[in-house]
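The chain contents come next:
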Protein chains: 2
Amino acid sequence: MRVSIDDVAARAKVSTATVSRALRGLPKVNPATRARVLAVAQEMGYVPSPSATRLATGRTRTVGVLVPFIDRWYFAHALEGIDQELREHGYNLLLFSLGGYRHGQQRRFTEQMVRKQIDALVVLCLGLSSAELGELKLTHVPMISVGGPVEGCHGVHIDDAAAASAATQHLIDLGHRKIAHLSGGINDEKNFVVPTLRSEAFEATLRRAGLQFRPEWNVAGDFTVGEGAAAAARLFELPGERPTAIFCGSDEMALGLMFEAKRRGIRIPEDLSVIGIDDHDFSAPAGLSTMAQQPVQHGLLAAQMLLAELDGKPGAIHEENMPFKLIQRDSTAPPA
Amino acid sequence: MRVSIDDVAARAKVSTATVSRALRGLPKVNPATRARVLAVAQEMGYVPSPSATRLATGRTRTVGVLVPFIDRWYFAHALEGIDQELREHGYNLLLFSLGGYRHGQQRRFTEQMVRKQIDALVVLCLGLSSAELGELKLTHVPMISVGGPVEGCHGVHIDDAAAASAATQHLIDLGHRKIAHLSGGINDEKNFVVPTLRSEAFEATLRRAGLQFRPEWNVAGDFTVGEGAAAAARLFELPGERPTAIFCGSDEMALGLMFEAKRRGIRIPEDLSVIGIDDHDFSAPAGLSTMAQQPVQHGLLAAQMLLAELDGKPGAIHEENMPFKLIQRDSTAPPA
DNA sequence: CTGTTAGCGCGTTCAG
DNA sequence: CTGAACGCGCTAACAG
């Protein structure tokens with residue numbers, strides 16, 4: 001059943017060292033010998049034991065991915081990209097989901113989980129506390145963030161401020177003056193800065209255009225459709241003047257808002273223009289204008305940088321700003 | 001930096017064997033000794049090397065999860081459930097994404113990937129060929145399927161035929177006679193039977209009610225919004241009589257259809273009733289009636305069964321039918 | 001080019 | 001209750 005390297009060596013009449021070298025394609029092995037070893041290994045169905053290899057080399061050929069949730073558009077797609085790249089290079093992907101942005105005791109992942117289990121780590125859209133970051137640094141595991149800047153750690157992501165600003169500017173360019181904002185981050189931890197970056201950019205862009213920033217037109221969701229719809233309801237029920245456009249911190253919240261608008265007979269874009277960020281799978285079918293980003297590419301690139309670093313190319317891990325672009329669909333138009 | 005069991009043993013003035021026993025809570029260790037060892041280990045920051053433990057015990061404390069995609073509602077949620085349960089018991093989750101339902105050469109995961117890397121395997125909504133199944137069986141790794149029946153392998157999932165039948169019956173009960181069907185599985189592999197089960201149940205339920213089954217009203221998507229919308233477009237452009245209701249093989253496709261309907265001015269539910277299966281995150285905000293299932297629970301239970309089996313309880317892995325229930329929202333109503 | 005010899009770090013008999 | 005010694009399966013020097 002379980003055939004080990006010694007069995008192969010015996011059968012091929014060579015030493016285990018030679019088998020090891022032959023199988024791993026190392027130089028300095030007689031082609032004839034290599035061929036024989038390969039043949040024997042093949043016919044015996046030999047597969048090296050990863051555990052033994054790990055113990056001997058100290059490398060696991062495994063990359064860890066730390067993620068707050070997996071059931072969110074950005075995370076799932078970034079994961080797909082990371083996985084593709086890793087798999088292609090024979091690396092394993094060990095998934096650590098925190099099941100939420102919990103803090104403190106709930107999140108003691110650093111020690112047991114990371115220790116000697118992985119060669120590198122991807123931190124997905126997750127604000128880490130400085131204590132957590134410190135612990136991770138101590139393990140000397142190469143590390144990179146994806147989807148949101150993490151202080152003291154390189155990462156690949158879009159320029160959130162620029163993207164938010166461009167989205168807001170699109171509304172302004174269409175002629176809107178009364179613009180509201182549906183921001184993310186209502187339940188997120190302090191260290192996850194993405195929602196803040198987007199909100200601040202929104203406000204700055206408004207002011208730069210000489211427009212009024214109204215705090216009451218600033219509602220918050222948590223990046224989900226459900227909370228997006230709930231926040232929209234709060235906004236729509238505000239007395240007084242109505243905004244003619246709204247910038248949402250994510251497409252998923254924007255879609256929630258659109259559902260709520262439809263329920264109330266608010267027409268989009270006639271009564272209200274809506275723009276989000278992401279280019280979520282639902283956005284095209286729903287006709288939502290958005291600032292598109294490509295999480296799969298983010299994941300792919302991050303994994304590439306990690307693998308390069310592990311491959312002995314120091315400095316391979318660096319900050320990378322990914323492209324985003326406006327996709328105008330049916331949800332934005334000049335104000336009536 | 002790296003402190004091993006020998007260091008702890010030396011410092012505590014005991015043998016490595018005693019350290020091992022003390023740390024793992026085995027009986028037959030003097031309480032005083034245990035306390036001292038624990039203290040020393042603690043202060044030295046000792047953490048056992050997983051690689052060494054694996055090699056010595058032959059167990060990896062890792063469960064593999066095989067999944068076609070991760071960026072789909074069902075998979076992401078089931079994964080969340082699996083992860084929760086695993087994490088709680090100190091198990092790792094090794095993710096294998098196939099990035100699609102590819103076949104043949106593209107899918108040689110069985111050997112290298114599974115061999116000696118995992119203690120058990122979860123197969124997520126993935127039809128396996130009999131050859132692949134055979135290979136997996138040979139590894140003697142406990143295995144369970146989630147979300148779709150896999151021949152020759154126990155699993156946890158809903159009764160797809162029953163759920164589809166109930167959804168269809170809901171439309172019939174409302175008084176609909178002209179019912180169409182948006183099925184999944186257009187691009188899926190033959191061995192993934194879920195779409196077929198649902199479609200067949202739809203047809204059978206129709207016939208049982210004495211209603212006509214019209215092949216031309218049977219369009220197919222691939223479980224995504226995009227394809228759902230595309231399929232809906234094909235349906236809506238058919239000449240002649242229009243259906244008054246439609247049963248969709250998944251909520252995501254149903255939502256795609258709703259977007260397409262809105263674009264064409266087809267009112268829901270006035271002109272067309274729509275029901276899906278899942279209770280996708282978008283369904284409640286969108287007001288979509290559905291046959292709800294709970295993938296997180298599916299994943300949780302599957303992981304529990306696997307862990308029980310690994311814990312020495314043979315027969316822990318068995319077939320389990322999970323509940324589903326009708327949630328009527330705004331997308332279904334009696335025909336006009 | 002190839003074989004020998006040590007470890008890698010821990011679990012596990014088997015004596016004591 | 002505790003310790004000594006061996007083995008898990010493979011890689012990495014170091015000879016030859």
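Fair warning: this is a prediction, and the values are worked out from it, not measured in the lab.

Structural notes on the interface of chain B and chain A
Here's step 1: Each partner contributes residues to the interface: chain B has 46 residues there, and chain A has 48 residues.
Here's step 2: Here chain B and chain A share an interface that buries about 4400 Å² over both sides, 60% of which is from carbon and sulfur atoms.
Here's step 3: For the interface between chain B and chain A, the tally reads two salt bridges.
Here's step 4: Here A:R263 and B:D330 are joined by a salt bridge, their closest N and O atoms 3.8 Å apart.

Some details on the domain arrangement of chain A
Here's step 1: When its domains are assigned, chain A resolves into domain 1 (5–57), domain 2 (62–158 + 295–321) and domain 3 (160–292).
Here's step 2: Using C-alpha coordinates to define each centre, domain 2 of chain A is positioned 29 Å away from domain 3 of chain A.

A short note on the packing of aromatic side chains
Here's step 1: Summed over the entire model, instances satisfying the criterion amount to twelve aromatic pairs over all chains.
Here's step 2: Ring centres 6.3 Å apart and planes at 65° place the aromatic pair A:F202 and A:F213 in the edge-to-face group. Highlighted residues: A:F202 in helix α9 (residues 194–208) and A:F213 in the loop between α9 and β7 (218–220), separated in sequence by eleven residues.
Here's step 3: Aromatic pair A:F282 and B:F259: ring centres 6.3 Å apart, planes at 85°, arrangement edge-to-face. Placement of the pair is A:F282 in the loop between β9 (273–278) and α12 (283–286) and B:F259 in helix α11 (residues 251–263), with the two residues belonging to separate chains.
Here's step 4: Judged by its relative accessible area of 2%, A:F282 is buried.
Here's step 5: Among the aromatic residues, ring-to-ring pairing joins A:F259, A:F282, B:F259 and B:F282 into one connected group.
Here's step 6: Between the NZ or CZ atom of A:R214 and the centre of the ring of A:W217, over which it lies, the distance is 4.0 Å.

A few points about helix α2 (residues 16–23) of chain A
Think of an α-helix as 3.6 residues a turn; residues three or four steps apart then line up on the same face.
All names here are of chain A.
Here's step 1: Among the residues of α2, those classed as buried are T18, V19 and A22. Burial along α2 is one-sided: seen end-on, the buried residues are contained in an arc of 100°.
Here's step 2: Next to the buried residues of α2 lie α1 (5–12) and α3 (31–44).
Here's step 3: Immediately downstream of α2, the backbone of G25 shows phi near 70°, a positive value.

Looking at the pairing of strand β4 (residues 143–146) of chain B
Residue and element names in this part refer to chain B.
Here's step 1: Alternating positions in β4 separate into two faces, M143 and S145 on one and I144 and V146 on the other, with burial throughout.
Here's step 2: As paired elements, strand β3 (residues 120–124) and β4 share four bridges and run parallel to each other. When the bridges of β4 are listed, V122 appears paired with I144.
Here's step 3: Handedness of the crossover joining β3 and β4 through helix α7 (residues 130–138) is recorded here as right-handed.
Here's step 4: The pairing of β4 with strand β5 (residues 155–158) spans two bridges and is parallel. Within β5, the residue paired with V146 across the bridge is V156.

Thresholds, definitions, all that
Residues numbered from 1 in each chain as written. Chains lettered and ligands numbered in written order. Predicted model: local features only at pLDDT ≥ 70, side-chain atom pairs only at ≥ 80, totals over all residues. Heavy atoms only, no water. Contact = heavy atoms within 4.5 Å. Buried area = accessible area lost by both parts, 1.4 Å probe. Salt bridge = Lys/Arg side-chain N within 4 Å of Asp/Glu carboxyl O. Domains from an automatic or database assignment. Phe/Tyr/Trp six-rings, centres within 6.5 Å; stacked < 30°, edge-to-face > 60°. Helix = DSSP H or I, 4+ residues; strand = E, 2+ residues; numbered from the N terminus. Buried < 20%, exposed > 50% of the residue type's maximum accessible area, 1.4 Å probe, protein only. Lys NZ or Arg CZ within 6 Å of the ring centre and 35° of its normal. Arc of directions from axis to C-beta. Pairing = 2+ DSSP bridges. Right-handed = clockwise from strand over helix to strand, strands pointing away.

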